[in-house]
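# Observations on the model geometry
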Amino acid sequence: MQVFKSGTEWQKSWLQALKTNKTIGFVPTMGALHKGHLELIRASKKSTDLTVVSIFVNPIQFTNQEDFEKYPVLTSQDLELLQKEKVDFVFLPSQESIYPEKPILNFNFGNLERVLEGEFRPGHFSGVGIIVSKLFNIIRPNIAFFGQKDLQQVAIIKKVVQDLSFPLKLHIVPTIREKDGLALSSRNMRLSVQEREKALILYNSLEFAKNELLTNKDWLAVRKQMMLSFEAEPLAKLEYFELVHPETFQVFEEFERGKKSSICVASFIGNIRLIDNLPIIP
Ligand code: AMP
């Protein structure tokens, strides 16, 4: 496994891959790796010749300074995991090399960023668009791998690739969960034992609402019921619980069979903000 810290270092390996007709799979991460990340890496190793994993905590996508400062950094543990997974390359850039200056460029994703994550984290998706574009330009992969766990981010990245004609394919991996259903996330390690228990409210509410919808219950009534259940949990602070089209993020007021739809939720558990989603009609 080769660790590189700059685009120039990577260029030699990239040229070599090009000369030998090897395909490059790319898995961008913010580190503190868990089994969700490993699933993306395994998908990349299965379908490409060389896998590059990047670890970079992107400051410009954080809308809360404390969340950025407290984001777990576990580089040596991550490198050990990546070695075990037989990853070919790890990109570990410094903040200064990625952002010699704060970018003045801003992405505007229109409707996609006016709802859900976009509404509650203004500027977040512009930060995601910028880092993903930078990383695609540096790594120049054939296929990039992302998780369905961040459903709205997937929609944003699809737009970036399409609108800027990045010559690569996207491969989306379903959400990996703990045995009890909690979606794996680097932020879970910041939950106390009690918060970890209460965090299950996200997955449980998604599953409950999905079953209600599939037995023809009215969406707005189900949503109201779920909002009340979050209100009744003192450690939870719900931000949204919405039924949306998984690509356009149009927010639905009713459930229609035959129409692609997913339920998305975001809630604080204590001080930790968690998100999750469940496809109803994929
Ligand atoms: P992050 O390090 O949180 O920025 O995540 C890096 C990539 O891993 C993103 O594409 C995420 O969507 C994906 N990811 C994070 N958690 C999970 C999970 N539980 N299941 C599948 N993919 C995930």
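As a starting point, this report considers the structure included with it. (Residues numbered from 1 in each chain as written. Predicted model: local features only at pLDDT ≥ 70, side-chain atom pairs only at ≥ 80, totals over all residues. Heavy atoms only, no water.)

## Quick word on the site of the ligand
Neighbouring residues of the ligand: 16 residues in total, closest Met-30, His-37, Asp-150, Ile-176 and Leu-184. A distance of 2.9 Å separates a nitrogen atom of the ligand from a polar atom in the backbone of Ile-176. Considering the ligand on its own, with 490 Å² of exposed area, one finds that the protein chains cover 92% of that surface. Among the secondary structure elements, those contributing two or more residues to the shell around the ligand are β2 (24-29), α2 (35-47) and β5 (143-147). It is α2 that provides the largest number of residues to the shell around the ligand, a total of 3 residues. Here the residues of the shell around the ligand are counted per class, giving 8 nonpolar, 6 polar and 2 charged. (Near = heavy atom within 4 Å. Polar contact = N/O pair within 3.5 Å; in protein donor to acceptor, adjacent residues only side chain to side chain. Areas by Shrake-Rupley, 256 points an atom, 1.4 Å probe, with all protein chains shown as cover. Helix = DSSP H or I, 4+ residues; strand = E, 2+ residues; numbered from the N terminus. Nonpolar A, V, L, I, M, F, W, Y, C, P; charged D, E, K, R; others polar.)

## Describing the pattern of salt bridges
Taken as a whole, this structure holds 15 salt bridges when the rule is applied. The partner of Glu-247 in a salt bridge is Lys-260, and the shortest N-O contact between them spans 2.8 Å. Taken together, the positions of Glu-247 in the loop between β7 (236-244) and β8 (261-269) and Lys-260 in the loop between β7 and β8 put the pair 13 residues apart, joining distant regions of the chain. We classify Lys-260 as partly exposed; its relative accessible area is 33%. Taken together, the shared-partner salt bridges connect Glu-117, Arg-121, Glu-239 and Arg-273 into one network. (Salt bridge = Lys/Arg side-chain N within 4 Å of Asp/Glu carboxyl O. Buried < 20%, exposed > 50% of the residue type's maximum accessible area, 1.4 Å probe, protein only.)

## Section: the packing of aromatic side chains
Counting across every chain of the model gives 14 aromatic pairs. With 5.4 Å between their ring centres and 10° between their planes, Phe-107 and Phe-109 make a pair best called stacked. Of the two residues, Phe-107 and Phe-109, neither departs from the other in class, the shared state being buried. Ring centres of Phe-136 and Phe-166 lie 5.4 Å apart, and the angle between their planes is 75°; on these two criteria the pair is classed as edge-to-face. (Phe/Tyr/Trp six-rings, centres within 6.5 Å; stacked < 30°, edge-to-face > 60°.)

## A closer look at the pairing of β7
With 7 of 9 residues buried, β7 is to be regarded as a mostly interior element. Relative to β8, β7 runs antiparallel, the two being bridged by 8 bridges. Bridge pairing links Ala-236 to Ile-269 in β8. (Pairing = 2+ DSSP bridges.)

## Section: the nonpolar core
When a protein is soluble and globular, its nonpolar side chains tend to lie buried together. Counting residues in each nonpolar core, the largest one holds 43 residues, and the members touching the most others are Trp-10, Val-52, Phe-136, Ile-139 and Phe-249. Examining the composition of this core, we find that 8 residues originate from one element, helix α7 (residues 124-139), more than from any other. Residue-level mapping places this core at the junction of two domains, with at least three residues from each of domain 1 (2-173) and domain 2 (186-276). Excluding anything up to four places from it in sequence, Trp-10 contacts Phe-4, Ile-24, Val-52, Phe-89, Ile-138 and Ile-139. If you look at the next biggest cluster of nonpolar residues, it comprises 27 residues, including Leu-182, Val-222, Phe-255 and Ile-263. (Core = buried A, V, L, I, M, F, W, Y, C linked by side-chain atoms within 4.5 Å. Domains from an automatic or database assignment. Contact = heavy atoms within 4.5 Å.)

## Considering unusual backbone geometry
One non-glycine residue, Ser-165, lies in the positive phi region at around 55°. Tracing the sequence through the fold places Ser-165 in the loop between α8 (151-163) and β6 (169-173). Taking relative accessible area as the criterion, Ser-165 reaches 57% and is therefore assigned exposed. Despite not being glycine, Phe-249 has its phi angle at roughly 60°, a positive value. Among the structural elements, Phe-249 can be located in the loop between β7 and β8. Of the residues examined, Phe-249 reaches a relative accessible area of 2% and is grouped as buried.

## Structural notes on α8
Spanning 13 residues, α8 covers 19 Å between terminal C-alpha atoms, matching the ideal 18 Å at 1.5 Å per step. All of the buried residues along α8 are Leu-151, Gln-152, Gln-153, Val-154, Ala-155, Ile-156, Ile-157, Val-160 and Val-161. On its buried face, α8 is in contact with α6 (117-120), α7, β5, β6, β8 and β9 (272-281). Positioned one or two residues after α8, Ser-165 has a phi angle of 55°, which is positive. (Expected span 1.5 Å × (residues − 1).)

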